[in-house]
Amino acid sequence: MKKPIILILLLSFTITAVLAQKVRKRVLIINSGISVPFSEFAIKKMDYDAGFAGSGFNLGIDYLSTKIGWLGFTASAGYSIMNFDNESYRLEYERVLNHDGEVEVTAGNYNIFKTVAGLMLKTPEFHHIEFLVNAQLGYSITIHPEIKVDHSRYGIINSIDQVHDGALISNLGMKINYIISDKYGLNLSYCLNYLLPGFHDDMPFIGSFFLPIRFQNINVGFIFKL
Amino acid sequence: MNIKSTPVTLFLFTFLISCSQPRLNFDRGIIPPAPGNLTGVNSSYDDYNSMIITSTAESQFSLFFSTNKTSYGGNFDFVFYVCYPSADLINAEFSIYTYKEENILVDSVNSPFNELGPYLTYDRASWWDSGSDESDRRFFYTSDINGNPDIFCEYYTLDNYLYTPSGNPIYLSGINTLSDEGYLSIHRDEYPDREAVYFTSNRDGSFDIYRALSEENKLIDQSADVGINKVEQVCSDSDDKCPFVKDDLMVFASNRNGGFGGYDLWYSTYKDNEWSLPGNFGQDINTEYDEFRPVIMVTNPDEFLNNLMIFSSNRPGGSGRFDLYYVGVNKNLSSDN
């Protein structure tokens with residue numbers, strides 16, 4: 001299913017590049033929107049690699065530079081915050097412990113900082129609108145929330161300090177730019193992020209763990225032509 | 001110290017990488033507070049009267065128990081299993097893997113009569129633990145080979161996982177009477193120069209729990225002059241049986257009032273030189289059917305949040321008649337009274 005889509009996109013870029021009449025050189029986009037976890041990171045059951053992550057907020061800045069009509073360079077920096085779903089976590093404890101005792105969960109949020117760079121493919125502007133797809137690679141710092149689970153019978157049954165780790169990050173995204181004037185525009189973007197940070201856990205017999213983090217950014221932003 | 005992602009990881013496929021160590025939802029294992037059937041050892045016959053003792057590693061234990069499955073419902077003999085408890089720290093699932101092993105020690109004491117109430121003072125030496133007292137190797141058990149249940153002691157040696165009995169079981173003349181005695185258990189360090197043991201007897205009519213004190217600087221099986229007294233704090237007008245002492249916790253079975261029907265499991269704690277009034281383990285563990293012969297294993301606190309108790313019950317849903325069940329009990333049970 002993915003291969004035909006990619007082929008169609010490449011073909012359309014090639015054709016439209018030939019027809020391109022105008023090339024924009026450099027653009028800065030400041031955007032903001034929501035972060036939505038997916039895959040294991042969004043799972044809220046006590047399964048392998050479940051992240052118990054909920055939706056959150058993000059801020060970002062993108063730099064786009066078009067060297068030739070349809071191909072360009074892109075660099076981005078962003079910050080995402082996603083909540084740890086305390087209530088789902090608590091309900092899962094009650095379920096797996098067969099409702100034995102009371103469980104109280106306290107947890108913070110996931111915080112992710114990323115800087116990435118990559119390539120983009122762009123259509124020519126048509127009716128003030130242009131489409132872009134981009135693939136980026138980079139480095140991220142993830143702050144894993146402090147988690148503490150207190151059980152009425154056993155005391156603290158799970159505790160993880162707030163820990164952080166740097167890890168490689170990759171993302172795939174698409175943007176729709178609406179050009180208002182020679183200086184400004186509006187931007188709607190969608191991005192899939194993949195990273196795999198490792199964290200330290202002080203508890204014996206555990207040591208460290210990896211957490212696959214996958215999340216989407218859906219943003220709106222302002223375009224500033226440089 | 002953080003774990004860095006390896007540079008050779010292909011950037012675009014980081015999401016495809018599966019990791020060997022996920023985030024865990026439990027710091028330590030939890031043995032379920034609701035009883036589970038020890039299916040690996042139970043049969044359609046009676047399986048009860050167990051003894052568990054930590055074995056060569058913290059992650060395994062030895063299980064001795066009485067069963068009449070080998071005689072197809074006839075007399076009770078001991079059998080021996082090695083058990084591996086494991087707890088899933090992601091979803092709290094708990095299981096005990098068991099396998100049966102031949103054991104010369106239990107074979108040597110098994111007879112055409114009934115052998116019940118096993119109690120070992122020491123099990124296999126831990127391979128890393130050379131400082132343990134390996135000299136105290138006694139196997140106490142109850143047998144009606146003389147017509148009524150009496151307590152015996154068999155010394156044994158252990159070498160390369162091989163239990164070798166002395167071949168001369170000692171009849172505990174200081175404790176045994178013409179009444180029924182059984183289920184001896186040692187309470188260590190109750191007296192510095194005497195050995196304190198607890199057992200059950202019906203010498204006064206109903207079954208009660210008694211304490212016996214050895215002669216000074218002698219073990220109970222070496223003492224002819226044994227001081228015996230009924231443990232009034234834990235006894236009732238009904239039958240009180242199967243005391244098992246671990247550290248300062250005594251667990252036993254009783255059909256006294258205040259239970260949930262039949263024999264229930266009760267516990268008492270030793271503090272300030274006396275046993276507390278017994279507490280019932282509650283309806284999570286006890287039923288209207290019989291619960292019998294509880295034994296406790298103190299688990300490694302770095303591995304489990306609670307201790308393991310094994311008992312027998314004839315409740316419905318088992319393999320038939322009495323089955324062995326496991327359940328988690330609080331480590332701080334002693335402070336609950």
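Because the structure is predicted, anything quoted here is derived from the model rather than measured. Counting from 1, residues in each chain are numbered in the order their sequence is written. Here the convention is simple: chains get letters from A, ligands get numbers from 1, in the order in which they are written. Local features in this predicted model are restricted to residues whose pLDDT is 70 or higher, and side-chain atom pairs enter the listing and the counts only when it is 80 or higher, whereas totals over whole chains, interfaces and linings include all residues. With hydrogens and water excluded, all non-hydrogen atoms of the structure serve as input to the side-chain values.

Student: Explain the overall build of chain A to me, please; I cannot follow it from the model alone.
Tutor: From N to C terminus, chain A includes two helices and 13 strands. When a residue's accessible area, from a 1.4 Å probe over protein chains only, is under 20% of the maximum for its type it is buried; when over 50% it is exposed; and in between it is partly exposed. Residues counted as buried form 49% of the 226 residues belonging to chain A. For chain A, the share of sequence-separated contacts (at least 6 apart) that also reach a separation of at least 24 residues comes to 69%. Under the convention used here, a 1.4 Å probe and the Shrake-Rupley method define accessible areas, while residue burial counts only the protein chains that appear. Summed over all atoms, the accessible surface of chain A reaches about 10700 Å², with 67% contributed by carbon and sulfur. Starting at the N terminus, helices and strands are each numbered in turn, a helix being any DSSP run of H or I of at least four residues and a strand any DSSP run of E of at least two. Only heavy atoms enter the contact rule, under which two residues are in contact if any of them lie within 4.5 Å.

Student: I'm lost on the overall build of chain B in this one. Help?
Tutor: Helix and strand counts for chain B come out as one helix and 22 strands. Counting only contacts in chain B whose residues sit at least 6 apart along the sequence, the fraction spanning at least 24 positions is 53%.

Student: Honestly, the sheet that holds strand 7 (residues 147-151) of chain A in this entry has me stumped. Any pointers?
Tutor: Sheets are built from strands that pair by backbone hydrogen bonding, the pairs being arranged parallel or antiparallel. Residues and elements named next belong to chain A. Strands were regarded as paired on the criterion that DSSP finds at least two bridges between them. With respect to topology, three strands assemble into an open sheet ordered 4-7-8, the strand pairing being antiparallel. Only two strands of the sheet have a single neighbouring strand rather than two, namely strand 4 (103-107) and strand 8 (155-160). Sheet twist, expressed as the mean angle between neighbouring strand axes with direction ignored, is 10°. Note on geometry: axes are lines fitted to C-alpha atoms, helical ones only across the stretch in contact, with angles between N-to-C directions running from 0 to 180 degrees.

Student: Is there a simple way to explain the sheet that holds strand 20 (residues 291-297) of chain B in this structure?
Tutor: Spatially, four strands are ordered 1-22-21-20 (chain B) in an open sheet, and the strand pairing comes out antiparallel. Across the chains shown, the open sheet's two edge strands, defined by having one partner strand only, are strand 1 (36-37) and strand 20 of chain B.

Student: Explanation requested: unusual backbone geometry in the structure shown.
Tutor: Among all residues except glycine, the phi angle is most often negative; among peptide bonds, the trans geometry is most common. Residue and element names in this part refer to chain A. Phi is positive for N98, close to 55°, though the residue is something other than glycine. By the secondary structure assignment, N98 is in the loop between helix 2 (86-96) and strand 4. The exposure class of N98 is exposed, given its relative accessible area of 62%. Unusually for a residue other than glycine, H99 sits at a positive phi of about 60°.

Student: What is the right way to read the pairing of strand 3 (residues 61-67) of chain B from this model?
Tutor: It is a general feature of regular strands that their side chains alternate between the two faces of the sheet. Residue and element names in this part refer to chain B. Within strand 3, seven of the seven residues are buried, leaving the element largely enclosed by the surrounding structure. The side-chain alternation of strand 3 yields two buried faces, one formed by F61, L63, F65 and T67 and the other by S62, F64 and S66. Inspection of the sheet shows strand 2 (residues 47-54) paired to strand 3 by six bridges, in the antiparallel sense. Counted as the bridge partner of T54 is F61 from strand 3. Note that strand 3 and strand 4 (residues 77-87) share seven bridges and pair antiparallel. From the neighbouring strand, T67 faces strand 4, where its bridge partner is D77.

Student: Help me out: how do you make sense of the packing of aromatic side chains in this one?
Tutor: Note on aromatic pairs: each is described by the distance of the centres and the angle between the planes. All names here are of chain B. Here a Phe, Tyr or Trp ring, Trp counted by its six-membered ring, pairs with any other such ring whose centre lies within 6.5 Å, and the pair is stacked when the planes are under 30 degrees apart, edge-to-face when over 60, and tilted otherwise. With the rule as written, the count across this model stands at 40 aromatic pairs over all chains. An angle of 45° between the planes, with centres 5.6 Å apart, marks the rings of Y156 and Y163 as tilted. Since its relative accessible area comes to 4%, Y156 is described here as buried. Here Y163 falls in the buried class, since its relative accessible area comes to 2%. An aromatic cluster is present here, built from F64, F78, F80, F139, Y141, F152, Y156, Y163 and Y171 joined pairwise through their rings. Over the face of the ring belonging to Y210 we find R203, whose NZ or CZ atom lies 5.2 Å from the ring centre. Its end group placed over the ring of W266, R256 keeps NZ or CZ at 5.1 Å from the ring centre. Put simply, a charge is over a ring when the Lys NZ or the Arg CZ is close to the ring centre, within 6 Å, and near the line of the ring normal, within 35 degrees.

Student: Hey, could you run me through the nonpolar core in this one?
Tutor: Nonpolar side chains in soluble globular proteins generally cluster together in the buried interior. Residue and element names in this part refer to chain B. For the purposes of this section, nonpolar cores are sets of buried Ala, Val, Leu, Ile, Met, Phe, Trp, Tyr and Cys residues that join through side-chain atoms within 4.5 Å. By size, the foremost hydrophobic cluster in this structure holds 73 residues, and its most contacted members are L63, I175, M309 and I310. Examining the composition of this core, we find that six residues originate from one element, strand 4, more than from any other. Apart from residues no more than four positions distant in its own chain, I310 is found in contact with L38, S50, I52, F61, L63, R293, P294, V295, L324, Y325 and Y326.

Student: Mind showing me how you'd approach the side chain of S214 of chain B here?
Tutor: All names here are of chain B. Assignment of secondary structure puts S214 in the loop between strand 13 (206-213) and strand 14 (227-230). In protein, a polar contact requires one atom able to donate a hydrogen and another able to accept it; more generally it is a pair of N or O atoms within 3.5 Å, and residues adjacent in sequence count only if both atoms are side-chain atoms. Only 2.7 Å separates the side chain of S214 from the backbone nitrogen of E195, close enough to count as a polar contact. Within the structure, the side chain of S214 is placed 2.7 Å from the backbone oxygen of K218, a separation counted as a polar contact. Excluding its chain neighbours within four sequence positions, the residues that come into contact with S214 are R194, E195, L219, I220 and S223.

Student: Where do I start with the pattern of salt bridges in this structure?
Tutor: Pairing of side chains with opposite charge becomes possible as their charged atoms draw close. Definition used for salt bridges: Asp or Glu carboxyl oxygen within 4 Å of a side-chain nitrogen of Lys or Arg. If you walk through the whole model with that rule in mind, you get 19 salt bridges over all chains. Of the charged contacts, one joins D46 of chain B and R321 of chain B as a salt bridge, the two residues approaching to 3.8 Å between their closest N and O atoms. Here D46 of chain B is found in the loop between strand 1 and strand 2, whereas its partner R321 of chain B is found in the loop between strand 21 (306-313) and strand 22 (323-330), with 275 residues between them in sequence. For D46 of chain B, a relative accessible area of 12% puts it in the buried group. Look at R321 of chain B and you get partly exposed, because its relative accessible area is 45%. Note that E215 of chain B is salt-bridged to K218 of chain B, the shortest N-O span being 3.2 Å. Three or more residues joined by partner-sharing salt bridges are found here, namely E87, R90 and E94 of chain A.

Function cannot be read off these values alone, since they describe shape.
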